[in-house]
Amino acid sequence: MKIITSENHRHLQAEIENLIHNFNETGDMLVDGKRNKLKLFELKGIKVNVKSFKIPNAVNKIAYRFVRKSKAERSFKYAEYLLSKKVGTPQPIAYVEETTAFSFLRSFYLSEQLSYDLTYREIDLNKSGHEAILRAFTQFIFELHEKEIEFLDNSPGNTLIRLNEGNPKFFLVDLNRMNFKALNFSERMKNFSRLTQEKEVVRIMANEYAKQIDKNEEEVFEAMWFYIRKFQESFVRKKAFKKKFKL
């Protein structure tokens, strides 16, 4: 078992090893998904969020063992990078990998549990103050782009929001898919494609993003809406394919 901790959490090494050995039998389940599981533990007074990644298929068992970084390692290193760029994310604690000589097995990403008030999914324009939250979120995404960060899993549940007395703070989770590069206009607009299908919401995001760049609001809206429609069409096709072949 390989355990890599952050500098501030090295004192938890033994507790982390014990936690992983007993992962299936202990902890409070937060998400019990087909691919990944999320559990909550307490280690020496610290609430720890543990994401257990599904054992990969036969090809990826080899790839993750010898070629690619695991999802757990990427999550850990990307969290450290985000914090170095002053981008919010739960404090990384460690990542753990179980391997054999020729194969990759389980992996885990551990971070400090973060309290929050809502996610992007709960933003509701009918509620007082939520348009301001949406505009602040759009500014946050713009700042990510300016810092050359492309959050590929920019979906409704992957940004945690603390209201912070009218000055919202945003924290990214589910970090294993990111690019770090200068983003052109199309790539920036595509980065909004998973968030919503509500035109009114997209109008507000386009209005706010247009304030930050040298583009007019309608151009920003049309580009955002194009990629949203494209993503939804692809999503529907994939769903129909899986249903047809019972995948």
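None of the values given here were measured: they were computed from a predicted structure.

**Looking at the packing of helix α4 (residues 130-146) against helix α6 (residues 199-210)**
In contact at an axis separation of 9 Å, α4 and α6 are set at 50° when each is read in the N-to-C sense. If you check the angle between α4 and α6, you find them oblique. α4 and α6 meet at a crossing whose hand is right-handed. Here Glu131, Leu134, Arg135, Phe137, Thr138, Gln139, Phe142 and His145 of α4 lie close against α6, whose contacting residues are Val201, Ile204, Met205, Asn207, Glu208 and Tyr209.

**Section: the packing of aromatic side chains**
Applying the stated criterion to the full structure yields 13 aromatic pairs. A ring pair is formed by Tyr81 and Phe180, whose centres lie 4.7 Å apart and whose planes are at 70°; its orientation type is edge-to-face. Here Phe180 lies in strand β11 (residues 178-180) and Tyr81 lies in helix α3 (residues 71-84), a separation of 99 residues in the sequence. Residue Phe180 is classed as partly exposed on the basis of its relative accessible area of 32%. Considering the side-chain rings of Tyr120 and Phe137, the 4.8 Å spacing of their centres and the 50° angle between planes classify their relative orientation as tilted. Here Tyr120, found in the loop between β7 (118-119) and α4, pairs with Phe137, found in helix α4; they are 17 residues apart in sequence, far enough to count as distant. Judged by relative accessible area, which is 0%, Phe137 ranks as buried. By way of ring pairs, the aromatic residues Tyr120, Phe137, Phe140 and Phe170 are connected into one cluster. The ring of Phe221 carries Arg203 above its face, with NZ or CZ at 3.7 Å from the centroid.

**Topic: a positive patch on the surface**
A contiguous patch of positive charge, built from Arg35, Lys54, Arg68 and Lys71, is present on the exposed surface. You can see Arg35 is positioned in the loop between β2 (28-32) and β3 (36-43).

**Digging into the pattern of salt bridges**
A full pass over the atoms with the stated rule returns 14 salt bridges. Lys77 serves as the salt-bridge partner of Glu73, at 2.8 Å between the closest nitrogen and oxygen. Placement of the pair is Glu73 and Lys77 together in helix α3, with a separation of four residues, close to one helical turn. Where Glu98 meets Arg106, a salt bridge forms, and the shortest distance between an N and an O atom there is 2.9 Å.

**Focus: unusual backbone geometry**
Even without being glycine, Lys86 reaches a positive phi, approximately 60°. Along the chain, the position of Lys86 falls in the loop between α3 and β5 (92-99).

**Digging into the pairing of β3**
Strand direction decides the pairing type here: β2 and β3, joined by four bridges, are antiparallel. Bridging from a neighbouring strand, Asp32 pairs with Lys37 of β3. The loop that links β2 with its antiparallel partner β3 comprises three residues. Where β3 hands over to strand β4 (residues 46-53), the hairpin turn is made up of two residues, of which Lys44 adopts a positive phi near 50°.

**Considering the side chain of Glu208**
Among the secondary structure elements, Glu208 is positioned in helix α6. Not counting residues up to four positions away in its chain, the partners in contact with Glu208 are Arg135, Thr138 and Gln139.

**Looking at the environment of Glu208**
For Glu208, a relative accessible area of 5% translates into the label buried. Separated by 73 residues in the primary sequence, Glu208 and Arg135 place their C-alpha atoms 6.0 Å from one another.

**Thoughts on the sheet that holds β7**
One open sheet holds the three strands; their spatial order is β7-β9-β10, and the pairing between them is antiparallel. Because the sheet does not close on itself, it has two edges, and the strands there are β7 and β10 (169-172). Alignment of β7 against strand β9 (residues 159-162), held across two bridges, turns out to be antiparallel. Residue Thr119 lies in a different strand from β9, and its bridge partner there is Leu160. Contacting β7, β9 and β10, α4 runs over the sheet at an angle of about 55° to β10.

Rules and cut-offs
- Residues numbered from 1 in each chain as written.
- Predicted model: local features only at pLDDT ≥ 70, side-chain atom pairs only at ≥ 80, totals over all residues.
- Heavy atoms only, no water.
- Axes fitted to C-alpha atoms, helices over the stretch in contact; angles between N-to-C directions.
- Helix = DSSP H or I, 4+ residues; strand = E, 2+ residues; numbered from the N terminus.
- Parallel < 35°, antiparallel > 145°, perpendicular 65-115°, else oblique.
- Left-handed = near helix turned anticlockwise from the far one by under 90°.
- Contact = heavy atoms within 4.5 Å.
- Phe/Tyr/Trp six-rings, centres within 6.5 Å; stacked < 30°, edge-to-face > 60°.
- Buried < 20%, exposed > 50% of the residue type's maximum accessible area, 1.4 Å probe, protein only.
- Lys NZ or Arg CZ within 6 Å of the ring centre and 35° of its normal.
- Patch = residues over 30% accessible without salt bridge, like charges linked within 9 Å, V, L, I, M, F, W, Y side chains within 5 Å.
- Areas by Shrake-Rupley, 256 points an atom, 1.4 Å probe, with all protein chains shown as cover.
- Salt bridge = Lys/Arg side-chain N within 4 Å of Asp/Glu carboxyl O.
- Lys, Arg positive; Asp, Glu negative; His and termini not counted.
- Charge placed at Lys NZ, Arg CZ, Asp CG, Glu CD.
- Pairing = 2+ DSSP bridges.

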